[in-house]
Protein chains: 2
Amino acid sequence: MMQVEIITIGDEILIGQIVDTNSAWMGEQLNLIGLSVKQITSVSDKREDILKALELASTRAKVVLITGGLGPTSDDITKPTLCEYFNSKLVFKPEVYKEIERIFGSRGFVITDVNRKQAEVPECATVMPNHNGTAPGMWFEKEDTIYVSMPGVPFEMKGIMSDYVLPRLKERFTTQAIYHKTVLTQGMGESMVAARIEDWEKALPSSIKLAYLPQPGMVRLRLTGVDTNYERIKALVEAEAEKLIPLIDELIYGYNDDKMESVVGQLLAAQHATLATAESCTGGYLAHLITSIPGSSEYYKGSVVSYANSIKTALLDVKESDLEAYGAVSEQVVSAMAEGVRKIMGTDYALATSGIAGPDGGTPEKPVGIVWIALASASGTKTKLLNLGTNRQRTIHMTAINALSLLRKEISKKF
Amino acid sequence: MMQVEIITIGDEILIGQIVDTNSAWMGEQLNLIGLSVKQITSVSDKREDILKALELASTRAKVVLITGGLGPTSDDITKPTLCEYFNSKLVFKPEVYKEIERIFGSRGFVITDVNRKQAEVPECATVMPNHNGTAPGMWFEKEDTIYVSMPGVPFEMKGIMSDYVLPRLKERFTTQAIYHKTVLTQGMGESMVAARIEDWEKALPSSIKLAYLPQPGMVRLRLTGVDTNYERIKALVEAEAEKLIPLIDELIYGYNDDKMESVVGQLLAAQHATLATAESCTGGYLAHLITSIPGSSEYYKGSVVSYANSIKTALLDVKESDLEAYGAVSEQVVSAMAEGVRKIMGTDYALATSGIAGPDGGTPEKPVGIVWIALASASGTKTKLLNLGTNRQRTIHMTAINALSLLRKEISKKF
């Protein structure tokens, strides 16, 4: 497989001020088009370190992807260093300046001299527009090796990669046909899923590889087929996926790039059904996941984040006596929250969450990590008790995913 | 400053299956004891790639920290490769086996042959116990260079680093003193901040370096001082920070590891004041940021995510006539939302958001990215119009940060 190297530039990575998430995303995307990452190198904003890293990377790979160090300020020296490496000089590019003007104009900002410098790029570079920021992507070729320099801000880098770099690399280097199919599961750990599908996995043809990609609360199973013929390998991968599906049917919530929140949204939209939420421990995160999907206003009416108990009684009709008798984290209260928000928002479905995300608030009977979720609908109210451990952010995330999963299963039944 | 290199081993990093968070943590910890990371290198589980990475790292640094590839399965070849590199052989170490027995015993597991192999380590290694797992840490010295091999599981690596590696390195190498101070700003782009503080930056003493660390909607300014004397460099960095602060006073929301949402939380808690939110375009994300801070229930009562207009009128007392006359994305409606939620939740402050996050819903007069935010309090209602561009997730994030910033400024005035 064609080898690629990634170089991330920036002192902030080396001193641990930011975690480099770019490389993992790039590695995944490159794999999808049949290219493999040989090495990831993180170096400082020092001229000689960057030069050395470029030189060494070019001895190992035919493509070198570089992120970071393109800001307009003085500590960002990637551009002059690239000029030195490619024996080029910075020139002002009017088309880059136009893009900067467009971005600044649309936000009502005034362009300073420092911004103007963003339009200076090495003469030998082919510019790739950055629609999300002022530093453009740059494509270089030298002695049979391709170098691409991109900003380190993740969504700017992702835009340039998706719009330009990945399509160009695919066109140039992808000779084998590659077909991916990812089966998305929720509700069972990696090793238990592996045990369940062991026989199927062992019988996979040699042209198909299986990868387990665990995420909190989920396991993605990625099938990758490689062959000279696209239609043939696509058919083979799909046939193997068809054999896999019945083995883990109740765990599967989607395929490929689906997200739990988009799958649930599609199901609601197809049914012309509406949803509301009432959140305690998730504190708005469930609503955030649902509304992160464009077009969610079609089926989602809103949420009452009743962080304080007084809001649970005032807005959601939770009975004071239930709060006293059972506590806010109880099956009774979470059911009342779901039923209350369904009533006041007039929706078909309503989800509610109540739990102890921690680190404080736990008791011997209800330790940190105990969460109740509820789903109210015309056919009654369902509840589920979760025990999610002591990591606050993880508990919030897992609660939301479990709540969406509860709704998904309920709606799917009706199809 | 003494240079350290980090090598992370594992195919799962290169294909993007996991994000390498170990390096950032190690970089931060090493910095705190005055050691600096020269380079981070991620390589595959291939013998020759590991050997080459070790060899190159040793030409640049006196300390090489290695994580990963120590699992018991066949794809983990770090140990035999280390034997080859150090010209050593694997030997069974009873003290390591005892630790494995202890861990397995405490979890009620039976030790298999595969686990027993974890007690085999290169003869020339000094073993450092792993109290959280079965693969021990290993310390090597060769031709003046120290090599440390640790498991890749973050909490196992952190245990070995904290208990053994960091104290030993500190004792051996810490001669220079390092002091960091990061000034956190919001509300102005990197280049404009740079222009504002240009004279101050140029006059910085040579022992202090400035780095601009941009994040969506924010710029962090990190001052790093290096000297032989800790108290002296600390005083010098703090003195320079004192000169910087008045230049950008209205932009600064915190220092070092502060987050906007924790700073606002601390201000509210100090005032014994309470907060509620009413969200349209942020869709629960503002509530999520606020409640991501442990202890936020002390000052935060909740949110009404009024994604549908019917919820704005039913729950927040927004007038039907205002929605018709001005539209949901208007100064009038966002003010009514803030005032409405403040009233029903009985809080001191209330924030509201209404905007067009996109990609759909824009009009020529109100294009995608137009957002109104409002802050209601006893002293009246303030509003702000934002123009945030076309990236949905970014608009949601920037709106929430701007809303929190509006509140921060309002509360800070009172101190």
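Residues numbered from 1 in each chain as written. Chains lettered and ligands numbered in written order. Predicted model: local features only at pLDDT ≥ 70, side-chain atom pairs only at ≥ 80, totals over all residues. Heavy atoms only, no water.

A. Quick look at the interface of chain A and chain B. Each partner contributes residues to the interface: chain A has 72 residues there, and chain B has 72 residues. Counting the surface chain A buries against chain B, the share from its top three residues, Leu14, Ile15 and Tyr307 of chain A, is 10%. When the shortest N-O distance is used, the salt bridge between Lys209 of chain B and Asp11 of chain A registers 3.3 Å. For the interface between chain A and chain B, the tally reads 26 residue pairs in polar contact (both at pLDDT 80 or more). For the side of chain A that touches chain B, the residue count by class is 31 nonpolar, 28 polar and 13 charged. Where strand S14 (residues 300-306) of chain A and strand S14 (residues 300-306) of chain B come together, five bridges link them in antiparallel fashion. Bridge pairing in S14 of chain B places Ser303 of chain A opposite Val305 of chain B. (Contact = heavy atoms within 4.5 Å. Buried area = accessible area lost by both parts, 1.4 Å probe. Salt bridge = Lys/Arg side-chain N within 4 Å of Asp/Glu carboxyl O. Polar contact = N/O pair within 3.5 Å; in protein donor to acceptor, adjacent residues only side chain to side chain. Nonpolar A, V, L, I, M, F, W, Y, C, P; charged D, E, K, R; others polar. Pairing = 2+ DSSP bridges. Helix = DSSP H or I, 4+ residues; strand = E, 2+ residues; numbered from the N terminus.)

B. Main features of the domain arrangement of chain A. Per the domain assignment, the segments making up chain A are domain 1 (2-173), domain 2 (177-255) and domain 3 (260-413). Centre-to-centre separation of domain 1 of chain A and domain 3 of chain A, based on C-alpha positions: 43 Å. (Domains from an automatic or database assignment.)

C. Layout of the packing of helix H11 (residues 260-271) of chain A against helix H16 (residues 392-413) of chain A. All names here are of chain A. One can describe the packing of H11 onto H16 by two numbers: an axis separation of 10 Å at closest approach and a directional angle of 35 degrees. Regarding H11 and H16, the two cross each other, and that crossing is left-handed. Contacts between H11 and H16 involve Met260, Glu261, Val263, Val264, Leu267, Leu268 and Gln271 from the former and Ile401, Leu404, Ser405, Leu407, Arg408, Ile411 and Ser412 from the latter. Split by residue class, the contact of H11 with H16 holds nine nonpolar, three polar and two charged. (Axes fitted to C-alpha atoms, helices over the stretch in contact; angles between N-to-C directions. Left-handed = near helix turned anticlockwise from the far one by under 90°.)

D. Structural context of the sheet that holds strand S11 (residues 218-227) of chain B. All names here are of chain B. Pairing in this open sheet of four strands is antiparallel, and the strands run S10-S11-S9-S12 from one edge to the other. Taken across any chain shown, the strands that pair with only one partner, and hence form the sheet edges, are strand S10 (208-215) and strand S12 (252-255). When the angles between neighbouring strand axes are averaged without regard to direction, this sheet yields 20 degrees. Of the pairings in the sheet, the one linking strand S9 (residues 177-186) to S11 comprises 10 bridges and is antiparallel in character. Directly across from Tyr179, in S11, lies its bridge partner Gly225. Its contacts with the sheet place helix H10 (residues 230-244) against S9, S10 and S11, and it is angled at close to 20 degrees to S9.

E. Spatial organisation of the sheet that holds strand S16 (residues 370-377) of chain A. A sheet is described by the order of its strands in space; here 10 strands give the open sequence S17(A)-S16(A)-S15(A)-S13(A)-S14(A)-S14(B)-S13(B)-S15(B)-S16(B)-S17(B), paired in mixed fashion. Edge positions in the sheet fall to strand S17 (380-387) of chain A together with strand S17 (380-387) of chain B, since each of these pairs with one other strand and no more. Mean inter-strand twist for the sheet, computed between neighbouring axes without regard to direction, equals 15 degrees. Taken together, the six bridges between strand S15 (residues 349-355) of chain B and strand S16 (residues 370-377) of chain B define a ladder with antiparallel strand orientation. Bridging across to S16 of chain B, Ala352 of chain B finds its partner in Ala374 of chain B.

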